[in-house]
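# Results of the structural survey
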Amino acid sequence: MWEVHVATADEMVKLGRCMAAYLCGGDIVALYGPLGTGKTTLIQGIAEGLETTKRIISPTFVLVREYSGRLPLFHVDAYRLEGIDPSDIDWQVSFSEYISRGGVVVIEWAEYIKQLLPNERLDVFLSHESVGRNVKFLAHGERHSKLLLDVREGWKRLCKE
Ligand SMILES: Nc1ncnc2c1ncn2[C@@H]1O[C@H](COP(=O)(O)OP(=O)(O)OP(=O)(O)O)[C@@H](O)[C@H]1O
Ligand SMILES: [Mg+2]
């Protein structure tokens, strides 16, 4: 577990860029947190760090958007799935396909598709603070534990610069 205070939106983008530096194909990042806690902002940073060309936008009409960069990035936004039985939607969100294509998968509103999430993943919980946001990381599995250690060390180095 690792917890960090992120004071501004710019810093959230920077944290995303830092995460991208250590992401590998097959990694799964699940973002949780109420409205406006910075989930899309964090993904924008991840996309920048992966050198994707198109701007990240919230996928309002589709569940999944694909971006090409150093690694393919799949942005899943489960917001519209609130209250829907996840067994009805697995044809739309195909984690095994994204992983087999060497992609990085980032899920916004992961709480809505909890039963569908792969067991091995990095959970990221975002919440509002009086100033800025709190971001809490929890890794599941060996690979994602390594990812979390790397991100943590990378962030410490960035903050010293
Ligand atoms: N660490 C931060 N400190 C202060 N403001 C932030 C921070 N991160 C993001 N923001 C700002 O919060 C607002 C909401 O950000 P964003 O759209 O990324 O949240 P979200 O969690 O994706 O929202 P939604 O739940 O609507 O999808 C934006 O104005 C963004 O610039
Ligand atoms: Mg969003």
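Let us look at the structure shown here. (Residues numbered from 1 in each chain as written. Chains lettered and ligands numbered in written order. Predicted model: local features only at pLDDT ≥ 70, side-chain atom pairs only at ≥ 80, totals over all residues. Heavy atoms only, no water.)

## Topic: the overall build of the protein
Note the following rule: In this description a helix means any DSSP run of H or I spanning at least four residues, a strand means any run of E spanning at least two, and both kinds are numbered starting from the N terminus. Computation of the radius of gyration draws on C-alpha atoms, with the globule rule given as 2.2 Å multiplied by the number of residues to the power 0.38. Each accessible area value is a Shrake-Rupley result obtained with a 1.4 Å probe; residue values ignore everything except the protein chains displayed when judging cover.
Along the backbone of the protein there are 4 helices and 7 strands. Secondary structure elements of the protein occur, N-terminal to C-terminal, as β-α-β-α-β-β-α-β-β-β-α. Over its C-alpha trace the protein gives a radius of gyration of 15 Å, about what one expects of a compact globule, namely 15 Å for 161 residues. Along the longest, intermediate and shortest principal axes, the C-alpha atoms of the protein span 45 × 35 × 30 Å. Surface accessibility of the protein: about 8,000 Å² in total, with carbon and sulfur atoms responsible for 52%.

## With respect to the coordination of the magnesium ion (ligand 2)
In plain terms, the rule: Coordinating N, O and S atoms are those within 2.8 Å of the metal (3.2 Å for Na, K and Ca), and as water is not part of the atoms, a site may appear to have fewer donors than expected. Think of it in three bands: with a 1.4 Å probe and only protein chains considered, a residue is buried below 20% of the maximum accessible area for its type, exposed above 50%, and partly exposed in between.
Taken together, the protein donors to the magnesium ion (ligand 2) comprise T40 (OG1) and E108 (OE), at separations of 2.0 to 2.1 Å. Of this pair, T40 sits in helix α2 (residues 39–49) while E108 sits in strand β5 (residues 104–108), placing them 68 residues apart in sequence. The pair T40 / E108 is uniform in exposure class, with both members buried.

## Observations concerning helix α1 (residues 9–20)
What counts, and what does not: Helix span is expected to be 1.5 Å times the residue number reduced by one. Throughout, a residue-residue contact means that at least one pair of heavy atoms, one from each residue, lies within 4.5 Å.
Across its 12 residues, α1 extends 17 Å between first and last C-alpha, which sits within 8% of the 16 Å expected from 1.5 Å per residue. Buried within α1 we find M12, V13, L15, G16, C18, M19 and A20. The inward-facing, buried residues of α1 contact β1 (2–6), β2 (28–32), α2, β6 (121–128), β7 (133–140) and α4 (142–160).

## Regarding a nonpolar patch on the surface
Condition: A patch is a set of surface residues, each over 30% in relative accessible area and not in a salt bridge, joined within 9 Å for like charges and within 5 Å for the nonpolar side chains Val, Leu, Ile, Met, Phe, Trp and Tyr. Each salt bridge in this description consists of a side-chain nitrogen of Lys or Arg and a carboxyl oxygen of Asp or Glu lying within 4 Å of one another.
On the surface, a cluster of nonpolar side chains totalling about 270 Å² of accessible area is made up of M1, F125 and L138. As for its placement among the helices and strands, F125 is situated in strand β6.

## What to know about the pattern of salt bridges
Pairs can form between side chains of opposite charge once their charged atoms are near each other. Within the structure shown, the criterion is met by 7 salt bridges. R101 is the partner of E97 in a salt bridge, and the nearest nitrogen-oxygen pair spans 3.2 Å. Of the residues examined, R101 reaches a relative accessible area of 43% and is grouped as partly exposed. Through salt bridges that share partners, E66, E97 and R101 make up one connected network.

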